Number of protein chains: 2
Amino acid sequence: MRLVSWNVNSLNVRLPHVEHLLDKLHPDVLALQETKLPDDRFPSEAFEQRGFQVSFAGQKTYNGVALISRYPLEHVRADLPGFNDAQRRVLAATVAGVRIINVYVPNGQEPDSEKFAYKCRWLDALLAFVADELSAHDRLVVMGDFNIAPADMDVHDAARWRDKIMCTALEREYFRRLLALGLVDAVREQLPEDRTIYTWWDYRLSAFRRGWGLRIDHVLLSESLRIRAAGVDVSYRAMDRPSDHAPVWVDVQ
Amino acid sequence: MRLVSWNVNSLNVRLPHVEHLLDKLHPDVLALQETKLPDDRFPSEAFEQRGFQVSFAGQKTYNGVALISRYPLEHVRADLPGFNDAQRRVLAATVAGVRIINVYVPNGQEPDSEKFAYKCRWLDALLAFVADELSAHDRLVVMGDFNIAPADMDVHDAARWRDKIMCTALEREYFRRLLALGLVDAVREQLPEDRTIYTWWDYRLSAFRRGWGLRIDHVLLSESLRIRAAGVDVSYRAMDRPSDHAPVWVDVQ
DNA sequence: GAGTCTGTAG
DNA sequence: CTACAGACTC
């Protein structure tokens, strides 16, 4: 089973890129973040024509998540329990016996800001939700845009990013607590320890051309799922009108 | 000598179309309207690379006129005498002994509006300017977007447009007074009397596809200039991302 | 309907 | 730098 996660930064603009990905990577489950589309504008037909099922939780200009799946999407939920919020940032569904949780973690803007506090509260609620889901689902995946670079290894220039958003000790602590629930960071697990790999490059300052990336998109697997291969398809960041994120893929058994 | 006038509705967006026109129509003088560019963003190099001289009077979001010429642009002026106005709507220059006046006449919004009154005042000032220039220049051209359809013949549906902006008796009277100074409407002169031809089609309601056009862009020639041929190149209205106007061309001797 | 600006977000 | 909304103009 191939899992792919991609922050598309507007599905409206990126639909051709996503269709290209379906043809190239043949995902069984594709988790999208930042669709930026209200539900009545979601391009379901594009996916259904290709034999996929779709589920989405969208809003107008911001956020928005979707699941595209070759198999039925069951027990769908689009919120974090006990976290009252209009922002569409989570979408969970069961696919072929695997519980999939698609997340678009808040960016946080900068440490000390109200948005950073919101990010922390959101992650608290996510931790509780994932812990709860793990108690019910042996086979479980949390994937998406976490807006957290788990270690200095995941940042092109750790000194420059120290204590910056996505790299603070507090955010990394949240990421560790997530793994401590019994999850494995598939890409990090699969690649050699000294191999740097990034999933996001700022649009500004020609960050991609200069190799200024961060690894902030992740696929986390419960221990009963075996990883066969994993990677990041950087070619999508090099295309015309690209998203600022590249898709992450994992083959599981 | 080939003269071309085109309202490009943003030179920023339409530069590729304009370059295409230079290669296809080989104008000696190209008058552009609605460049919508401040002078520090005018793409002079694109024209100079091809051996043209440029002169422009631009502003930020609205209006803006330019002259692109194979021959030197002399005695340039970018205002109407006695008409104090920040809007960049006129650019006059002498090219190879021919006085060229490039105009972007105000649209006027709707009759009775303050903008219509402005259009009339602007046309008063234009009449005085052209009369004055004619006394000094035997060979003279006034070309541009006049925002006036001179006769019912120049409107796809005269009944529907009666007393609408661009078709009011008052605006047509201004146009007649301009001709009465000693100018000839080159395209009307050159084409058979019963031949309809348009230069502008609204972006809305698929006006171009339906043939709902108006002839509001004109090239007016003093009587000492002989017309050899004239026309409207409608193909530019059918291109991708078109301007809502098509270019008008006239060959003079 | 297409364009540009300002403002917001990442 | 890219994307969107909302206001403006034509």
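Everything below is about the structure shown above.
### Quick word on the sheet that holds strand E5 (residues 74–77) of chain B
Residue and element names in this part refer to chain B. Strand order in this open sheet of six strands is E5-E6-E7-E8-E12-E9, and the pairing throughout is mixed. This sheet does not close on itself; its edge strands, each paired only once, are E5 and strand E9 (183–185). Neighbour-to-neighbour, the strand axes of the sheet open up by a mean angle of 15°, direction not taken into account. As paired elements, strand E7 (residues 98–104) and strand E8 (residues 140–145) share six bridges and run parallel to each other. Each residue of the ladder has a partner; that of Ile100, found in E8, is Val141.

### Points about the environment of Val155 of chain A
Note on placement: Val155 of chain A falls in the loop between strand E8 (140–145) and helix H4 (158–161). Each C-alpha atom, one on Val155 of chain A and one on Arg215 of chain A, is 6.6 Å from the other, the two residues being 60 residues apart in sequence.

### Some details on the side chain of Asp28 of chain A
Residue and element names in this part refer to chain A. When you line up the elements, Asp28 lands in the loop between helix H1 (11–25) and strand E2 (29–33). In this structure the side chain of Asp28 is engaged in a polar contact, spanning 2.7 Å, whose partner is the backbone nitrogen of Arg2. In this structure Asp28 touches Met1, Arg2, Ile68, Ser69, Arg70 and Tyr71, once residues within four positions along its chain are discounted.

### Topic: the protein's contact with DNA strand D
Every residue close to DNA strand D is listed here: Ser10, Val13, Arg14, Lys60, Thr61, Tyr203, Arg204 and Arg241 of chain A together with Tyr62, Tyr104, Asn107 and Lys115 of chain B. Considering the 4 Å shell around the protein, atoms of DNA strand D inside it are sugar or phosphate in 83% of instances. Here a phosphate oxygen of DNA strand D and a side-chain polar atom of Arg241 of chain A are 2.9 Å apart. The class makeup of the residues in the surface near DNA strand D is four nonpolar, three polar and five charged.

### Some points on the pairing of E7 of chain B
All names here are of chain B. Within E7, seven of the seven residues are buried, which leaves the element mostly enclosed by the surrounding structure. The side-chain alternation of E7 yields two buried faces, one formed by Val98, Ile100, Asn102 and Tyr104 and the other by Arg99, Ile101 and Val103. Between strand E6 (residues 90–95) and E7, which follow one another and run antiparallel, lie two residues, and Ala96 among them has a positive phi close to 50°. After leaving E7, the chain enters helix H3 (residues 114–136) and then returns to the sheet as E8, a path that is right-handed.

### A closer look at the packing of aromatic side chains
Residue and element names in this part refer to chain A. Taken as a whole, this structure holds 14 aromatic pairs over all chains when the rule is applied. Judged by centre distance (6.3 Å) and plane angle (85°), the rings of Trp161 and Trp200 are edge-to-face. Taken as a pair, Trp161 in helix H4 and Trp200 in strand E10 (residues 200–201) lie far apart in primary sequence, 39 residues in all. Exposure remark for Trp161: the relative accessible area of 16% places this residue in the buried category. An aromatic cluster of at least three residues, connected via ring pairs, comprises Phe42, Phe47 and Phe56. Cation over ring: Arg2 sits above Trp249, and NZ or CZ is 4.7 Å from the ring centre. Over the face of the ring belonging to Trp212 we find Arg160, whose NZ or CZ atom lies 5.1 Å from the ring centre.

### Remarks on the protein's contact with DNA strand C
In the region of DNA strand C, 16 residues are neighbours, and Asn107 of chain A together with Ser10, Thr61, Tyr203 and Arg241 of chain B sit closest. Within 4 Å of the protein, the atoms of DNA strand C are drawn from sugar and phosphate moieties in a proportion of 78%. A distance of 3.1 Å separates a phosphate oxygen of DNA strand C from a polar side-chain atom of Arg14 of chain B. It is helix H1 (residues 11–25) of chain B that provides the largest number of residues to the surface near DNA strand C, a total of three residues. Considered class by class, the residues forming the surface near DNA strand C number four nonpolar, six polar and six charged.

### Here's the deal with the pattern of salt bridges
Side chains that differ in charge, positive against negative, can pair when their charged atoms come close. All names here are of chain A. Across all of its chains, the model carries 33 salt bridges over all chains by this definition. The partner of Glu133 in a salt bridge is Arg99, with the nearest N and O atoms 2.4 Å apart. Here Arg99 lies in strand E7 (residues 98–104) and Glu133 lies in helix H3 (residues 114–136), a separation of 34 residues in the sequence. A single burial state applies to Glu133 and to Arg99, both of which are buried.

### Some words on H1 of chain A
Residue and element names in this part refer to chain A. If you check H1, its first and last C-alpha atoms are just 18 Å apart, much less than what 15 residues at 1.5 Å a residue would give, namely 21 Å. Roughly 35° is the biggest bend found in H1, and it falls at His17. Elements that come into contact with the buried residues of H1 comprise strand E1 (2–7), E2 and helix H2 (44–48). His26 lies just past H1 and shows a positive phi near 50°.

### Here's the deal with H1 of chain B
Turning to H1 of chain B, its buried residues are Leu11, Arg14, Leu15, His17, Val18, Leu21, Leu22 and Leu25 of chain B. Contacts made by the buried residues of H1 of chain B are with strand E1 (2–7), strand E2 (29–33), helix H2 (44–48) and helix H8 (235–238) of chain B.

### Here we look at the sheet that holds E7 of chain A
Residue and element names in this part refer to chain A. Strand order in this open sheet of six strands is E5-E6-E7-E8-E12-E9, and the pairing throughout is mixed. Only two strands of the sheet have a single partner each, and these edge strands are strand E5 (74–77) and strand E9 (183–185). Averaged over neighbouring strand pairs, the angle between their axes works out to 15° when direction is ignored. With respect to the sheet, H3 is in contact with E5, strand E6 (90–95), E7, E8, E9 and strand E12 (217–222), its orientation differing from that of E7 by roughly 175°. Here helix H5 (residues 169–180) sits on the sheet in contact with E9 and E12, set at roughly 125° to E9.

### Regarding the packing of H3 of chain A against H5 of chain A
All names here are of chain A. In the contact formed by H3 and H5, the axes pass within 10 Å of each other and the chain directions differ by 5°. The angle between the axes of H3 and H5 places the two elements in the roughly parallel class. Residue-level contacts link Phe116, Lys119, Cys120, Leu123, Asp124, Leu126, Leu127 and Val130 of H3 to Leu170, Glu171, Tyr174, Arg177 and Leu178 of H5. Class assignment of the residues belonging to the contact of H3 with H5 gives a composition of nine nonpolar, no polar and four charged.

Rules behind the numbers
- Residues numbered from 1 in each chain as written.
- Chains lettered and ligands numbered in written order.
- Predicted model: local features only at pLDDT ≥ 70, side-chain atom pairs only at ≥ 80, totals over all residues.
- Heavy atoms only, no water.
- Pairing = 2+ DSSP bridges.
- Helix = DSSP H or I, 4+ residues; strand = E, 2+ residues; numbered from the N terminus.
- Axes fitted to C-alpha atoms, helices over the stretch in contact; angles between N-to-C directions.
- Polar contact = N/O pair within 3.5 Å; in protein donor to acceptor, adjacent residues only side chain to side chain.
- Contact = heavy atoms within 4.5 Å.
- Near = heavy atom within 4 Å.
- Nonpolar A, V, L, I, M, F, W, Y, C, P; charged D, E, K, R; others polar.
- Buried < 20%, exposed > 50% of the residue type's maximum accessible area, 1.4 Å probe, protein only.
- Right-handed = clockwise from strand over helix to strand, strands pointing away.
- Phe/Tyr/Trp six-rings, centres within 6.5 Å; stacked < 30°, edge-to-face > 60°.
- Lys NZ or Arg CZ within 6 Å of the ring centre and 35° of its normal.
- Salt bridge = Lys/Arg side-chain N within 4 Å of Asp/Glu carboxyl O.
- Expected span 1.5 Å × (residues − 1).
- Bend = angle between axes of the 7 residues up to and from the residue.
- Parallel < 35°, antiparallel > 145°, perpendicular 65-115°, else oblique.

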